[in-house]
Amino acid sequence: MTAEKQKQEPWWKQAVIYQIYPKSFQDTNGDGVGDLRGIIKRLDYLQDLGIDAIWLCPVYKSPGVDNGYDIADYEAIDPQYGTMADMEELISEAKKRGIRIVMDLVVNHTSDQHPWFIEARKNPSSPEHDYYVWADKANELKSAFSGSAWEYDGQVGQYYLHLFAKEQPDLNWKNPALRQKVYDLMNFWIDKGIGGFRMDVIELIGKVPEEDITANGPKLHDYLQEMHRETFGGRDFLTVGETWGATLDNAPLYSDPDRKELSMVFQFEFTELDKQAGKEKWDTKPLDYGDLKNVLAKWQKLDFNHSWNSLFWNNHDLPRIVSRFGNDQQYRERSAKMLALLLHGLRGTPYIYQGEEIGMTNCPVSAIDEVEDIEARRMYQERLAEGWKKEDLIKAINARGRDNARTPMQWDASASAGFTSGRPWLAVNPNCQEINVKNALNDQDSIYYFYKKLIALRHQERILTDGSFELLDTADAVMAYHRENAEDKWLVVCNLTGEEQEVFLPDKVKEVLLANGPVPEDLSAAVLPAYVAFLCRVKK
Ligand code: GLC
Ligand code: CA
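My aim in this report is to walk through the structure given alongside it, one point at a time. (Residues numbered from 1 in each chain as written. Chains lettered and ligands numbered in written order. Predicted model: local features only at pLDDT ≥ 70, side-chain atom pairs only at ≥ 80, totals over all residues. Heavy atoms only, no water.)

What follows deals with the layout of surface pockets. By volume, the largest pocket is sized at about 1,300 Å³. Along its surface, the largest pocket is lined by 49 residues, and A144, F164, W244, K281 and E375 are the ones closest to its centre. Residue composition of the lining of the largest pocket, by class: 17 nonpolar, 11 polar and 21 charged. In this structure, the second largest pocket encloses a volume near 680 Å³. Lining the second largest pocket are 31 residues, with P10, W12, K13, P257 and S263 positioned closest to its centre. Sorting the residues of the lining of the second largest pocket by element identifies α1 (3–8) and α17 (463–466) as the ones contributing at least two each. Broken down by class, the residue content of the lining of the second largest pocket amounts to 9 nonpolar, 11 polar and 11 charged. (1 Å grid on protein atoms, 1.4 Å probe; cavity = no way out; pocket = protein on both sides within 12 Å on 5 of 7 lines; lining within 4 Å. Points joined across faces, edges and corners; volume = space filled by probe spheres on them. Nonpolar A, V, L, I, M, F, W, Y, C, P; charged D, E, K, R; others polar. Helix = DSSP H or I, 4+ residues; strand = E, 2+ residues; numbered from the N terminus.)

Structure follows, in structure tokens:
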């Protein structure tokens, strides 16, 4: 790459983003709920880790039916998180540390408490009525949170669409006035100096419910292009779309810079791999390592000059990766590092979810009253009525439930893990005794420092951003790949399993850059201990 081209590359190609779920990050006033001042307090920690931006889950005014993904006022901060002054301080304090704030943009739907929806219901001839999606008859569409996607409103005498909870009515993007309102609220935040938007279920905004079309509707990309023109276009800004239906074919539609839509997509293909085909996320099956390798390698085939992908294992909707694809008992540290290297060695922009950098695990419950998440609770009620056994449903929730990711951040070994001086809104994982930031910072060999090195490498070494990818031929239980650019060649080798594995690789190691265990001297015939992974510079 020429020096000229390098200068023009957007910052987010070499960046690492850290996701914060504010409700569970750090409480400062003892009410058991994380808050903006708590994030400000922990900025030095994040600066030390080395991240470039924070994706902040919603902090807007909200009744909290779906923990903030049901917004009642896009231009106000929910009092449980603080004030607009706190938010402005967070943006400027983060900036001082070289950290940008990426806000969560939830504009497929609002809360049913949003003044637009209140007016839409009260007054069917108001302009706001058409900001939402109404129908005289309900069709087959289902809500992602169980049951019909249609709710009858007696006052209006019509059904409204809610692809999520009934308290989350869907917005009608066909209405140009509504679209302008959305662009206005986006500009409100852009003017406050934020660095980007993560766009919640953005693939749904082009929906045509009367034809049963939800994701990838015919107008989706027109809307995104219009949004780009009306808001962040021409700015130094990161935009990432939550696109469950992304494919190698449509990812460039979102992310080709020439199309002027988004910077990149989140695609979720790996989350399908330990799920039974055609069933719901609760219906699990064991992971086939070959499938995992195929999916990771497949997404490296994207034409990165005309599209961009993100790299992530976790978010606030997914179970913890060390419990899911690693081993959260005997090999917790080693498997967490292996999974980190496996992902961060790839091409794309990495995202780290709070607590991932210290190897936080899933948090099992024994009964439904310990569960806060609306999705799991609705599934439980629905399946119980269908005759499922309680134990099986709890087992499914422990494997896949969203609360696994939402237990409070584990800062230290004190009663509430240093998260709150009060009673936490969701129980702290008892393993905070051992797994916490304080311990991680005191151990030079911890998962934390492994992530820190990966982040530093991403900043220092262009090969991670621009190098080509080649999957090497190994048994399914091992994933090995090359990254290569004009100057350099790297090798990543990961034993994906808890058993020893043999590898036969052609490379000559020049320098070991990072490893979670012993690196074999001779790669031409080597045995890798359980979950061992390493990254090295090899002879070109
Ligand atoms: C996205 C969010 C999830 C939320 C849903 C509805 O998938 O990540 O947390 O429940 O959208 O807004
Ligand atoms: Ca608080």
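Moving on, we get to the pairing of strand β5 (residues 100–105). Across the 6 residues of β5, 5 count as buried, placing the element largely inside the fold. With 4 bridges connecting them, strand β2 (residues 53–56) and β5 associate as parallel partners. Paired with W55 across the two strands is V102, which belongs to β5. Two strands pair when backbone bridges link them, and β5 and strand β9 (residues 196–199) are joined in this way by 4 bridges, in the parallel orientation. If you follow V102 over to β9, its bridge partner there is G196. (Buried < 20%, exposed > 50% of the residue type's maximum accessible area, 1.4 Å probe, protein only. Pairing = 2+ DSSP bridges.)

This part covers empty space enclosed by the protein. Evaluated as defined, the whole model comprises 3 cavities of 30 Å³ or more. Taken as a whole, the largest cavity encloses approximately 120 Å³ of empty space. Around the largest cavity, the lining residues are Q267, F270, V295, L296, W299, Q300, N309, S310, L311, F312, L343 and L346. Grouping the constituent residues of the lining of the largest cavity by class yields 8 nonpolar, 4 polar and no charged.

The coordination sphere of the calcium ion (ligand 2), as far as protein atoms go, consists of D27 (OD), N29 (OD1), D31 (OD), V33 (O) and D35 (OD), spread over 2.3 to 2.4 Å. For the calcium ion (ligand 2), the donor residues sit on a single chain with the sequence spacing D-x1-N-x1-D-x1-V-x1-D. (Donors = N, O, S within 2.8 Å, 3.2 Å for Na, K, Ca; no water.)

Here the focus is the environment of E521. Relative to the helices and strands, E521 resides in the loop between β18 (509–515) and β19 (526–528). Judged by its relative accessible area of 83%, E521 falls in the exposed class. In this structure the C-alpha to C-alpha distance between E521 and P408, which are 113 residues apart in sequence, comes to 42 Å.

Turning our eyes to something else, we now look at unusual backbone geometry. When glycine is set aside, most residues are seen to have a negative phi, and most peptide bonds are trans. The phi angle at N67 is positive, at roughly 45°, despite the residue not being glycine. Here N67 is to be found in the loop between β3 (60–61) and β4 (73–77). Residue class for N67 comes out buried when judged on its relative accessible area of 15%. The phi torsion at K260 lies on the positive side, around 55°, for a residue other than glycine. Considering the arrangement of structural elements, one finds K260 in the loop between α8 (251–255) and β11 (264–266).

The next subject is the side chain of N429. Inspection of the secondary structure puts N429 in the loop between α14 (403–406) and α15 (437–441). By relative accessible area, which is 4% here, N429 ends up buried. At 3.4 Å, the side chain of N429 and the side chain of T361 are in polar contact. Beyond its immediate stretch of four places on either side in the chain, N429 contacts T361, N362, C363, T407 and Q410. (Polar contact = N/O pair within 3.5 Å; in protein donor to acceptor, adjacent residues only side chain to side chain. Contact = heavy atoms within 4.5 Å.)

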